[in-house]
Amino acid sequence: AKQLIMRLLHKASGSIIILASVLPAADGFAVVSVFGRQFDMLNSVILPVRRSLMLGSVKEIDSENFSNVLSSTPNLAVVEFFAPWCRVCTAVAPQYERLAFKLSDKATFFKVNFKQNKGLSLRERVFQLPVVHFYVAGVGRVNRFSLTATTAGSRLLNEVSRFVDAGEGESSRIDLLRTLNSAALGPLVRYNALIQSLQGLARADELLSSEDDVKTQGLQQVFLTDERRLAHLEEIFVWLDEDGSGTLDADELEKAITAIGKQDDSELDPASLIERIVIASGGREAVSIDLDVFVRIMTCKAVQEFGSPQKELLPIFKAIDVDGSGTISKDEMLGALENLFEALPDPAYKQVVSSVSLPAAFDAFDYDSSGEMDYEEFVTMITSNFTTAVEADKDLAV
C-alpha cells in the first residue's frame, strides 16, 4: 500500500515526495502523512490522481492539425465533435474521459470544438452533436455515431471493441482496414458522382432557381471556394464530355445515363432522366451545359441536401441493389461497376474494379461479416475517404 501511494503521489506532483508515511485508520482506509499533514488515501490521493490522469487522456485538436494528427495516430483514432453550449455534450464528457483512460491501449481519443472549427465540421459532415467519428490512418473515417447521455459509455465501449478486438486466429476490423489503400473506393466514388450529376441536371431549373436564396448564400460560397471540390467536379465534367467540346450535349448525357443500367427507381430510370434533362434545357438540340453551369447546378444540389447526408447515397445504393433486397452483395457491386466502366471507359478505375482491392474493401466494411452490405455499412464505406483524396490516389490502386 505504501509503495502504491508513493507512486500516485509522485505521478500527481511530478516530483519525489519525501517525509511521507502510511498510517492506519479506524475505517480501514490508509491515511497518508506528508510533512506532518494527514490525507485520506481514497478521497485525497487516489481519486484526485485518477481524475487528473483521465483529464489528460483526451487531446483537443483543431482544423490546423486535424489531418496531421489523425494520419500519424498508430491505432484507432476516436474523435468527438462537441460544442460548449451543447447540454448532451456536457453530460457525456465524463464518460468520454473515463473511456479514453480505460481504453488507452486500444484507441487514442480526441475532441474537436464545433464552435471554433465550423469549416472542419462542415467538411466532416457533422450535423448533430455530440457525434463520434472513428479514423484509421491511410483510410480515413470508418465509423460515425451519435451519443446520448444515457448510452454514451456502453455505445463507445461496444464500438471500439467491434473495431479492435478479434477472435482467436482472426484479424480485427482495424487490421483489415489497414490493408486498404484509398484508391480502392475510387470506382464507387465515381459511380456516385455520376448518379448525383445526372440527377442534378434533371432538376437544373429547380436547383438554379434557388441560387438567389439569401438563407443559403453563405453555404453556397463555402462550396464554391472549396478548391478540392471544384477540381473533383471539373474531373467529372471532363469525363462526361467525351468529345472535349467544353459542353455536355444530349448524346453524351444519354450515354452516361445508359451506363447506370435499367433501374426500377423512377428517379434513376434512364428514359425518365433523359426526358427531364431535355425538358429542362428546352429541347434535345438545346442541351448544352458548360462547366460553369454544371458547377452551379451541383453546388445548389449540395446546398439543398446538406442537412440530410444519410439520404444522399440512397440513389447509388438502390442502383447497385439490383434484386431490391435492401442489401448489396459483392457480386452486385462489382457487376454494377464493371458495366459502368465498360460503357464509360476509364482505364485506371477499370483496373481497380478488376483487382483485389475493391473486394477487400467490401470485406473490410462488411462489419457483421454477413457477405451482404446494408445501407449503414455502405454509407460508412463510401464516406470513409475525402472524395478528392480518392480521386488523387486512383493510380496507386493495384
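Nothing here was measured: the structure is a model prediction, and the numbers come from that model.

Conventions we followed
Residues numbered from 1 in each chain as written. Predicted model: local features only at pLDDT ≥ 70, side-chain atom pairs only at ≥ 80, totals over all residues. Heavy atoms only, no water. Core = buried A, V, L, I, M, F, W, Y, C linked by side-chain atoms within 4.5 Å. Buried < 20%, exposed > 50% of the residue type's maximum accessible area, 1.4 Å probe, protein only. Helix = DSSP H or I, 4+ residues; strand = E, 2+ residues; numbered from the N terminus. Contact = heavy atoms within 4.5 Å. Pairing = 2+ DSSP bridges. Salt bridge = Lys/Arg side-chain N within 4 Å of Asp/Glu carboxyl O. Polar contact = N/O pair within 3.5 Å; in protein donor to acceptor, adjacent residues only side chain to side chain. Phe/Tyr/Trp six-rings, centres within 6.5 Å; stacked < 30°, edge-to-face > 60°. Lys NZ or Arg CZ within 6 Å of the ring centre and 35° of its normal. Axes fitted to C-alpha atoms, helices over the stretch in contact; angles between N-to-C directions. pLDDT = per-residue confidence, 0-100.

### A short note on the nonpolar core
- Counting residues in hydrophobic clusters, the biggest one holds 87 residues, and the most contacted among them are Val 78, Phe 109, Leu 188, Tyr 191, Phe 365 and Phe 378.
- By residue number, the principal contributor to this core is helix α8 (residues 186–202), which donates eight residues.
- If sequence neighbours within four positions are ignored, Phe 109 has contacts with Ser 57, Val 58, Lys 59, Val 78, Tyr 96, Leu 99, Ala 100, Leu 103, Leu 156 and Val 160.
- Ranked by size, the runner-up nonpolar core spans 17 residues in total, among them Leu 70, Ala 77, Leu 120 and Val 126.

### Here's the deal with the pairing of strand β6 (residues 107–113)
- Burial analysis of β6 places six of its seven residues in the buried class, which makes it a mostly covered element.
- The sheet contact formed by strand β4 (residues 58–60) and β6 spans three bridges and is parallel. Opposite Glu 60, over in β6, you have Lys 111 as the bridge partner.
- For strand β5 (residues 76–82) and β6, the ladder comprises seven bridges, and the chain directions are parallel.

### Re the pattern of salt bridges
- One pass over the structure, following the stated rule, counts twelve salt bridges.
- Arg 190 serves as the salt-bridge partner of Glu 235, at 2.9 Å between the closest nitrogen and oxygen. You can see Glu 235 sitting in helix α11 (residues 227–240) and its partner Arg 190 sitting in helix α8, a full 45 residues away along the chain.
- For Arg 190, a relative accessible area of 1% puts it in the buried group.
- Put simply, Arg 203 and Glu 206 hold a salt bridge, and the shortest N to O gap is 3.0 Å.
- Here the salt bridges share partners, and the residues they tie into one network are Arg 155, Glu 159 and Arg 162.

### Observations regarding the environment of Asp 366
- Turning to its location among the elements, Asp 366 is positioned in the loop between α19 (357–365) and β12 (372–373).
- On the accessibility criterion, Asp 366 (3% relative accessible area) is buried.
- Remark: the alpha-carbon pair of Asp 366 and Thr 380, spanning 14 residues in sequence, is separated by 9.9 Å.
- For Asp 366, the contacting residues outside a window of four places in its chain are Arg 173, Gly 371, Glu 372, Met 373 and Glu 377.
- Here the side chain of Asp 366 touches Ser 370 through a polar contact of 3.1 Å, landing on its backbone nitrogen.

### Observations regarding the pairing of strand β8 (residues 140–146)
- Burial runs high along β8: five of the seven residues are buried.
- Where strand β7 (residues 131–136) and β8 come together, six bridges link them in antiparallel fashion. Considered in β8, the bridge of Tyr 135 is made with Arg 141.

### Regarding the packing of aromatic side chains
- Inspection of every chain in the model, using the stated rule, returns eleven aromatic pairs.
- Pairing Trp 239 with Phe 341 gives two aromatic rings, centres 6.3 Å apart and planes at 40 degrees, and the pair type is tilted. Residue Trp 239 is located in helix α11, and its partner Phe 341 is located in helix α17 (residues 330–343); the two are separated by 102 residues in the primary sequence. Exposure class is identical for Trp 239 and Phe 341. Each is buried.
- Their ring planes at 80 degrees and their centres at 5.2 Å tell us that Phe 317 and Tyr 375 sit as a pair that is edge-to-face. A residue pair is termed long-range when its members are at least 10 positions apart, and Phe 317 in helix α16 (residues 314–320) and Tyr 375 in helix α20 (residues 375–382) qualify at 58 residues. Accessibility assignment for this pair places Phe 317 and Tyr 375 in one class, buried.
- Put simply, the rings of Phe 134, Phe 145, Phe 163, Phe 365 and Tyr 367 touch in pairs and so form one group of aromatic residues.
- The ring of Phe 82 is capped by Lys 111, whose NZ or CZ atom sits 5.6 Å from the centre of that ring.
- A cation over an aromatic ring shows up here: Arg 190 above the ring of Trp 239, its NZ or CZ 4.5 Å from the ring centre.

### Observations regarding the sheet that holds β7
- The five strands lie next to each other as β4-β6-β5-β7-β8, forming an open sheet whose pairing is mixed. Every other strand in the sheet has two partners, leaving β4 and β8 as the edge strands with one partner each. Strand after strand, the sheet turns through a mean of 25 degrees between neighbouring axes, direction not considered.
- Contacts between helix α4 (residues 87–102) and the sheet are confined to β4, β5, β6 and β7, with β5 contributing the most and set at about 165 degrees to the helix.

### Some remarks on the confidence of the model for the protein
- For the protein, per-residue confidence averages 79 on the pLDDT scale, and residues scoring 70 or more make up 79% of the total.
- Contacts of residues 11–20 to residues separated by more than four positions or lying in other chains number 17 contacts, the stretch itself having pLDDT below 50.

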